[in-house]
Amino acid sequence: MNLGRVIGTVWASQKHDGFAGLKMQLIQPLSGDGTRAGGTRVACDSVGAGPGELVFTVDQYEATLAFPALKNVPIDCAIVGIVDELNDQSAEVLASDDRGGAGL
Amino acid sequence: MNLGRVIGTVWASQKHDGFAGLKMQLIQPLSGDGTRAGGTRVACDSVGAGPGELVFTVDQYEATLAFPALKNVPIDCAIVGIVDELNDQSAEVLASDDRGGAGL
Amino acid sequence: MNLGRVIGTVWASQKHDGFAGLKMQLIQPLSGDGTRAGGTRVACDSVGAGPGELVFTVDQYEATLAFPALKNVPIDCAIVGIVDELNDQSAEVLASDDRGGAGL
Amino acid sequence: MNLGRVIGTVWASQKHDGFAGLKMQLIQPLSGDGTRAGGTRVACDSVGAGPGELVFTVDQYEATLAFPALKNVPIDCAIVGIVDELNDQSAEVLASDDRGGAGL
Amino acid sequence: MNLGRVIGTVWASQKHDGFAGLKMQLIQPLSGDGTRAGGTRVACDSVGAGPGELVFTVDQYEATLAFPALKNVPIDCAIVGIVDELNDQSAEVLASDDRGGAGL
C-alpha cells in the first residue's frame, strides 16, 4: 500500500456510470518522512477520509476489492485506511545502508 | 486513477484488430497543481474527451472494464471521466509534511 | 499504452519454451514530443514492426492478449500497433498548466 | 520481488475490515548496494519481520497469496521473506556496462 | 520484459514456503545501451542464469507462469531468458527524436 495525504477533491459529471456515488479524492503519495513520493493520484474513498488526513491506498485490481458491491467498475486506486499513528525510524535504521551496501 | 490532459491523437492502421473504432488520445499525466507527472500515455477514450480537456484515466486490466463490449483486446489505459472541477489544496495541506515527517 | 521506438532486437536461445517463434524487439519508450520516457523495454512483436518504427505497446496481462494462440507464456510487453500519424499538441495545450495549477 | 528495510510501523483503526489482525510495516525499498530505490511502501507482514530487518516484498495480486486465509482483502504489498545473506556484486559485474553498451 | 544483469544472490531461510528450492537472484535492470534502468530487483530464476549474465525478466502475474508446477506462490519477478545477442541501435534511431518531436 502507499501512504498519502488527501489534498483535494475531483468532481466529474461525464464519467463511467460505475463511479456514480463514489467520492474521488486527490492524493499526494508520501514517504514515511513526509517527502513526496511521486505524482498526485485520484482515489475512490472507502473509509470517509477528508482533506488533510493521512491515509493508505491500494492500486489496480486490489482497489476494486474495497467496493464489493460494484461490478466491473474501472477503479484502480482506493483509500482503504486512515492512519492513526505512524512510527517512522528511517533516520536511524537506514543510516548505515546509505553509506553503501544493504548489509544485514 | 491518474489526472491528465488530452494533448493529441494517435492514428494507426496496422494494429491489433480489437482497436478498430476506438479513438486513441495522447495523455500527459499531471499532478493536481499542474506539474507533469511522468511521460505521455496513449489511452482509449470511453467518454468523448477532446484535446485540451482535463480527464482521469485508469491503467491495466481495469482499463478494459471501460469497454465491456470488447473481448480480449490488449488495452491498458482508458479515459473514464472528464473533470468538471478540481479542488487542489496541496499548497496548504502539505506545508508541514515537506519540512520532514508525515506527521498526522 | 506507451509510445515507443523500435531500437533493436534481442536474441536468446535459452529461454522459456513459450517464446519460440516470437520476435523480441528493444523498445525505447517516448513521450509525444520525442523525449525518452523511462528505460528500454523488451517487447514481443504482434504487428511486424521493424527497427526505427514508432509503435505503441501494452504491458502485463494485456500483453498476452496480443497472442491468443499462446497459453501460459510469461510475456509482459507486446507491440500492438504501428503509428501512422501522431498529433502532439502538448506545447500549446500544457502552457498554462506548467505555470501551476491543472486548471480546467 | 523488491529488497527493503523495515523502517517503522503503521497503525490504523479506521480501515477495511480485512486488515484486522494484520501488522502493517513501513518499508524503504533498497537496491543491493544499499541505495534507496523509490518511496516508502506500507506492507502487510507474513513472516514476522521487525524494524531494521532486511526483507523482500511482493506487490499487487501476488501479495494476497501470502495470506491464503483471507478473501477479497485489498492488500497490494506483502513481506514474504527475511534476508539471511546478500551477495551483491554489482560493483564488479556492472563496471563495463556503465561505460556504455549492455554487451554480453 | 526488462533487460537486466544478474549481479548477486539472495538467501533467506525465513520465507513463504512456496519459495523452497527456488534460486533468487539480484537483478540490475538495464537499458539496451547499458545504463541502469531503476533499482535492483529480486527475481526467481527459471533458466539457470548465473552472476554476470544478461537476462530478461517478467513482472507480476506473468512471472508465476514461469513456474507452472507451483501453485499460489507470491512471486512477482522471474528470469525467463538469457540474452545471446543484443542489437541496440538507439544511438542512430533516436537521434532525431531527441531534438524534439517523436516524428515518424
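Residues numbered from 1 in each chain as written. Chains lettered and ligands numbered in written order. Predicted model: local features only at pLDDT ≥ 70, side-chain atom pairs only at ≥ 80, totals over all residues.

Attention now goes to the overall build of chain A. Within chain A one finds 2 helices and 7 strands. The N-to-C order of helical and strand elements in chain A reads β-β-β-β-β-α-β-β-α. At 16 Å, chain A has a C-alpha radius of gyration far larger than the 13 Å of a compact globule built from 104 residues. Seen through its principal axes, chain A has C-alpha atoms that stretch 50 × 25 × 25 Å. Across the 104 residues of chain A, 55% fall into the buried class. (Helix = DSSP H or I, 4+ residues; strand = E, 2+ residues; numbered from the N terminus. Rg over C-alpha atoms; globule rule 2.2 N^0.38 Å. Buried ≥ 20, exposed ≤ 12 C-beta atoms within 10 Å, placed from the backbone.)

What follows is about the relation of the copies chain B and chain A. Of the transformation placing chain B onto chain A, the axial shift is 0.0 Å and the rotation is 72 degrees, giving an RMSD of 0.0 Å. The two molecules are tied by a five-fold rotation axis, judged by turn and shift. An overlap of only 17% is found between the interface residues of chain B and their copies at the interface of chain A, pointing to separate contact surfaces. (Least-squares fit on C-alpha atoms with pLDDT ≥ 70 in both. Contact = placed C-beta atoms within 7 Å.)

A few words on the relation of the copies chain B and chain C. Once chain B is rotated about the relating axis by 72 degrees and shifted along it by 0.0 Å, it coincides with chain C to within an RMSD of 0.0 Å. With a heterologous cut-off of 20% or less, the 19% of interface residues of chain B that recur at the interface of chain C puts this contact in the heterologous class.

What follows deals with the interface of chain B and chain A. Tallying the contact residues gives 41 residues for chain B and 37 residues for chain A. For the side of chain B that touches chain A, the secondary-structure elements that each account for two or more residues are β1 (2-11), β5 (54-59), α1 (61-64), β6 (77-82), β7 (85-88) and α2 (90-93) of chain B. Across the side of chain B that touches chain A, the residue classes break down as 21 nonpolar, 13 polar and 7 charged. Relative to β6(B), strand β2 (residues 14-15) of chain A runs antiparallel, the two sharing 2 bridges. Bridging across to β6(B), Gln14(A) finds its partner in Ile82(B). (Nonpolar A, V, L, I, M, F, W, Y, C, P; charged D, E, K, R; others polar. Pairing = 2+ DSSP bridges.)

What follows concerns the arrangement of the chains. Taking C-alpha atoms only, the smallest gap left between chain A and chain C, which are not in contact, amounts to 11 Å. A gap remains between chain C and chain D, which never touch, and the nearest two C-alpha atoms on either side lie 11 Å apart.

This part is about the interface of chain B and chain C. Taken residue by residue, the interface counts 37 residues in chain B and 41 residues in chain C. The leading source of residues in the side of chain B that touches chain C is β1(B), at 7 residues. For the side of chain B that touches chain C, the per-class residue count stands at 18 nonpolar, 13 polar and 6 charged.

Bringing unusual backbone geometry into the picture now. Residue Asn72(A) is not a glycine yet carries a positive backbone phi of 55 degrees. With respect to the helices, strands and loops of the structure, Asn72(A) is situated in the loop between α1 (61-64) and β6 (77-82). The exposure class assigned to Asn72(A) is exposed, which follows from the 12 C-beta atoms found within 10 Å. Even without being a glycine, Gln60(C) presents a positive backbone phi close to 60 degrees. Structurally, Gln60(C) is set in the loop between β5 (54-59) and α1 (61-64). Gln60(C) sits in the buried class, given 21 other C-beta atoms within 10 Å.

On to the pairing of strand β6 (residues 77-82) of chain D. The two faces of the sheet receive side chains in turn, since in a regular strand these alternate between them. Residues and elements named next belong to chain D. With 6 of its 6 residues buried, β6 lies for the most part within the structure. Relative to β6, strand β4 (residues 41-45) runs parallel, the two sharing 2 bridges. Counterpart to Cys44 in the pairing with β6 is Ala78. When strand β5 (residues 54-59) meets β6, the two strands line up antiparallel, connected through 5 bridges. What sits directly across from Val55, in β6, is Ile82.

Turning next to the environment of Asp17(A). Secondary-structure assignment places Asp17(A) in the loop between β2 and β3 (24-29). With 6 C-beta atoms counted inside 10 Å, the residue Asp17(A) sits in the exposed group.

On to the confidence of the model for chain A. Scored by pLDDT, chain A has a mean of 95; 99% of the residues are at 70 or more. Per the prediction output, this complex has pTM 0.96; the corresponding ipTM is 0.95. (pLDDT = per-residue confidence, 0-100.)

Our focus in this paragraph is the environment of Val42(B). Within the secondary structure, Val42(B) is located in strand β4 (residues 41-45). Judged by the 26 C-beta atoms lying within 10 Å of it, Val42(B) is buried. Considered as a pair, Val42(B) and Cys77(B) are 35 residues apart in the sequence and their alpha carbons are 6.9 Å apart. The contacts of Val42(B), once residues within four sequence positions are left out, are Val10(B), Met24(B), Leu26(B), Cys77(B), Met1(C), Asn2(C), Leu3(C) and Phe56(C).

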